[in-house]
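Single-letter residue listing:
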Amino acid sequence: MTVARPTTSARSDARRNRGRLVVAARELFESAGVDVPAREVARQAGVGIGTLYRHFPTRDDLVDAVLEGAFEELIAVAEQALAAEDPWEGFTSFIEEALVLHARNRGLKDVVELQAHGLRRARAMRRRLRPLVAELVARAQEDGSLRPDFAPQDIPLLFWASDRVIELAGEVAPEIWRRQLGFVLDGLRTSAATPVAPVPLTYEQLRLVGRNKRGGTA
């Protein structure tokens, strides 16, 4: 039995449709987050829902394809922060620049904050980011500028709080989150520290909280 091979024209159409889907999903993810309905992505791309699923069987496949560039940008921000001569400046610049990326791309925010979504590329990004963030925290604590009871797992909580301000005030005062973050960062200085409780969340607890945050179940 002879299996028909796709023609050059069919392959070109497939590549073109895939490109349209990636562009449409990127635009929608940036403005609305990664939970935008698949049918809306297909509609904006001008293709059928079946075409979308042929190229991207799951939402996580689409997230990986669309946000790869954003993942690399976030990693670059962390690496640049580690290169800062002043550990406190490196730590705070990472928080601020990561939030700038979040404000520009809600899809990236969803993936980073919720510790969910995405397959190989997203998971690789998290694995690469975690030790960089841990080193940023350790450097600032060794320097004596960051309070010693702060943990890398506390950073997503900072993001959640600031991103909520970005979400609510974005159209009215798009930069007001910087003021709120300034108050928070001042409270993280060793000189301003007072005892806090309880202990930091574990990474597994963070994952579960992220699922609850997006309306899922544990």
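Please read all numbers here as calculations on a predicted model, not as lab measurements.

Cut-offs used in this document
Residues numbered from 1 in each chain as written. Predicted model: local features only at pLDDT ≥ 70, side-chain atom pairs only at ≥ 80, totals over all residues. Heavy atoms only, no water. Helix = DSSP H or I, 4+ residues; strand = E, 2+ residues; numbered from the N terminus. Contact = heavy atoms within 4.5 Å. Areas by Shrake-Rupley, 256 points an atom, 1.4 Å probe, with all protein chains shown as cover. Lys, Arg positive; Asp, Glu negative; His and termini not counted. Charge placed at Lys NZ, Arg CZ, Asp CG, Glu CD. Core = buried A, V, L, I, M, F, W, Y, C linked by side-chain atoms within 4.5 Å. Buried < 20%, exposed > 50% of the residue type's maximum accessible area, 1.4 Å probe, protein only. 1 Å grid on protein atoms, 1.4 Å probe; cavity = no way out; pocket = protein on both sides within 12 Å on 5 of 7 lines; lining within 4 Å. Points joined across faces, edges and corners; volume = space filled by probe spheres on them. Salt bridge = Lys/Arg side-chain N within 4 Å of Asp/Glu carboxyl O. Polar contact = N/O pair within 3.5 Å; in protein donor to acceptor, adjacent residues only side chain to side chain. Phe/Tyr/Trp six-rings, centres within 6.5 Å; stacked < 30°, edge-to-face > 60°. Expected span 1.5 Å × (residues − 1). Bend = angle between axes of the 7 residues up to and from the residue.

## Here's the deal with the overall build of the chain
1) Next: From N to C terminus, the chain includes 10 helices and 0 strands.
2) Next: In terms of principal-axis extent, the alpha carbons of the chain reach across some 75 × 40 × 35 Å.
3) Next: Considering only residue pairs separated by 6 or more positions, the chain has 70% of its internal contacts joining residues 24 or more positions apart.
4) Next: Total accessible area on the chain stands at roughly 12100 Å², and carbon and sulfur atoms take up 53% of it.
5) Next: Distance from the positive charge centre (31 side chains) to the negative charge centre (30 side chains) of the chain: 11 Å.

## Some words on the nonpolar core
Most often, soluble globular proteins have nonpolar side chains that are buried together.
1) Next: Counting residues in each nonpolar core, the largest one holds 56 residues, and the members touching the most others are Phe 29, Val 41, Leu 67, Leu 74, Phe 91, Phe 94 and Ile 95.
2) Next: If we skip the residues at most four places from it in the chain, Val 41 touches Leu 21, Ala 24, Ala 25, Leu 28, Val 36, Leu 52 and Leu 62.

## Some remarks on empty space enclosed by the protein
1) Next: According to the stated counting rule, one finds 1 cavity of 30 Å³ or more in the structure shown.
2) Next: Computed from the structure, the largest cavity encloses a volume of approximately 250 Å³.
3) Next: Lining the largest cavity we find 17 residues, and of these Gln 115, Leu 129, Arg 130, Val 133 and Pro 156 sit closest to its centre.
4) Next: Every element with two or more residues in the lining of the largest cavity is listed here: helix H5 (87-104), helix H7 (120-142), helix H8 (155-169) and helix H10 (203-213).

## Details of the side chain of Asp 64
1) Next: Locating Asp 64 in the fold gives a position in helix H4 (residues 59-82).
2) Next: Buried within the structure, Asp 64 lacks any salt-bridge partner; its nearest side chain of opposite charge belongs to Arg 121, at an N-O separation of 4.8 Å.
3) Next: In terms of polar contacts, Asp 64 uses its side chain to reach the backbone amide nitrogen of Ala 122, at 3.1 Å.
4) Next: Look past the residues within four positions of Asp 64 in its chain and what remains in contact with it is Phe 71, Gly 118, Leu 119, Arg 120, Arg 121 and Ala 122.

## Remarks on the packing of aromatic side chains
What describes a pair of aromatic rings is the distance from one ring centre to the other and the angle between the planes of the rings.
1) Next: Tallying each qualifying case throughout the model produces 3 aromatic pairs.
2) Next: Centroid distance Phe 91 to Phe 150: 5.7 Å. Interplanar angle 80 degrees. Geometry classified as edge-to-face. Linking Phe 91 in helix H5 with Phe 150 in the loop between H7 and H8, this pair joins segments that are 59 residues apart in sequence. Phe 150 shares its class with Phe 91; the two are buried.
3) Next: A centroid spacing of 6.4 Å and a plane angle of 55 degrees characterise the contact between Phe 94 and Phe 159, whose relative ring orientation is tilted. In this pair, Phe 94 is assigned in helix H5 and Phe 159 in helix H8, connecting sequence segments 65 residues apart.

## Observations concerning the pattern of salt bridges
1) Next: This structure, assessed with the given rule, holds 10 salt bridges.
2) Next: Here Arg 178 makes a salt bridge to Glu 175, at a shortest N to O gap of 2.5 Å.
3) Next: Looking at Arg 178, the relative accessible area reads 37%, which means it is partly exposed.

## A word on H4
Helical geometry: 3.6 residues make up each α-helical turn, so side chains three or four residues apart lie on a common side.
1) Next: Helix length check: H4 (24 residues) gives 33 Å between terminal C-alpha atoms against 34 Å at 1.5 Å per residue, within 8%.
2) Next: Its maximal kink placed at Leu 67, H4 deviates by approximately 60 degrees.

## Regarding the side chain of His 102
1) Next: In this fold, His 102 is placed in helix H5.
2) Next: The buried category is assigned to His 102, whose relative accessible area is 1%.
3) Next: If we skip the residues at most four places from it in the chain, His 102 touches Lys 109, Val 112, Glu 113, Phe 159 and Asp 163.

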